[in-house]
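# Understanding the architecture of this molecule
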Amino acid sequence: MFAGTETSGRGDSIALPELGLGSHRSREVVLGPLGSGLILIDGRYKLARYANGLATLCGRVADPWEQSNLLESPDAADVASRLDATMTRELLGALFEGNVEKGYDYATMNPAHPWHKRGWSRPYPVTEPPVREVQPL
């Protein structure tokens, strides 16, 4: 926009409030990489999952120094389950968005589709990637 180009509308970018663009959208969660894993923050809690299988859940309001791992606490089971499901959904969405140009819409149940014919090869890169609506949280 400021560089004289239009945005694609895909992705999860949100304009900085200081730019005065009138966007009232805000993030419900933030997903990001760690040195060896992923982190999801919803404002009140932070879930971290590491490549070695370990995980931590911290209450950011009650425990700002993150001294207690709530992951095994029965009182935090609902929070852990919700954040884990959100992390999975966000990660899958990011993977899809990062590979959208490789997508190919076809109906495998249609025997007339060229995919079922000998010698067919999938076109790559796709000249016009399928436009899919990103679902809000």
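Report follows, based on the coordinates. Since the structure is predicted, the reported quantities are computational estimates derived from the model, not experimental observations.

### Some details on the environment of Asn-69
Within the secondary structure layout, Asn-69 lies in the loop between β4 (55-59) and α1 (77-98). Its relative accessible area of 41% is what places Asn-69 among the partly exposed residues. For the pair formed by Asn-69 and Ala-55, sequence separation is 14 residues and the distance between their alpha carbons is 8.7 Å. In this structure Asn-69 touches Ala-55, Thr-56 and Leu-57, once residues within four positions along its chain are discounted. Polar contacts involving the side chain of Asn-69 include one to the main-chain amide nitrogen of Leu-57, which spans 2.9 Å. A polar contact of 3.0 Å, which involves the side chain of Asn-69, links it to the backbone nitrogen of Leu-71.

### Here we look at α1
Taking 1.5 Å as the rise per residue, α1 with 22 residues should run 32 Å; its terminal C-alpha atoms sit 31 Å apart, in good agreement. Every buried residue of α1 is accounted for by Val-79, Ala-80, Leu-83, Thr-86 and Met-87. Down the axis, α1 shows its buried residues gathered within 135° of arc, on one side only. Seen from the buried face of α1, the exposed residues on the opposite side, beyond 90 degrees, are Asp-78 and Leu-92. Packed against the buried residues of α1 are β1 (30-34), β2 (37-41), β3 (45-50) and β4.

The rules behind these values
Residues numbered from 1 in each chain as written. Predicted model: local features only at pLDDT ≥ 70, side-chain atom pairs only at ≥ 80, totals over all residues. Heavy atoms only, no water. Helix = DSSP H or I, 4+ residues; strand = E, 2+ residues; numbered from the N terminus. Buried < 20%, exposed > 50% of the residue type's maximum accessible area, 1.4 Å probe, protein only. Contact = heavy atoms within 4.5 Å. Polar contact = N/O pair within 3.5 Å; in protein donor to acceptor, adjacent residues only side chain to side chain. Expected span 1.5 Å × (residues − 1). Arc of directions from axis to C-beta.

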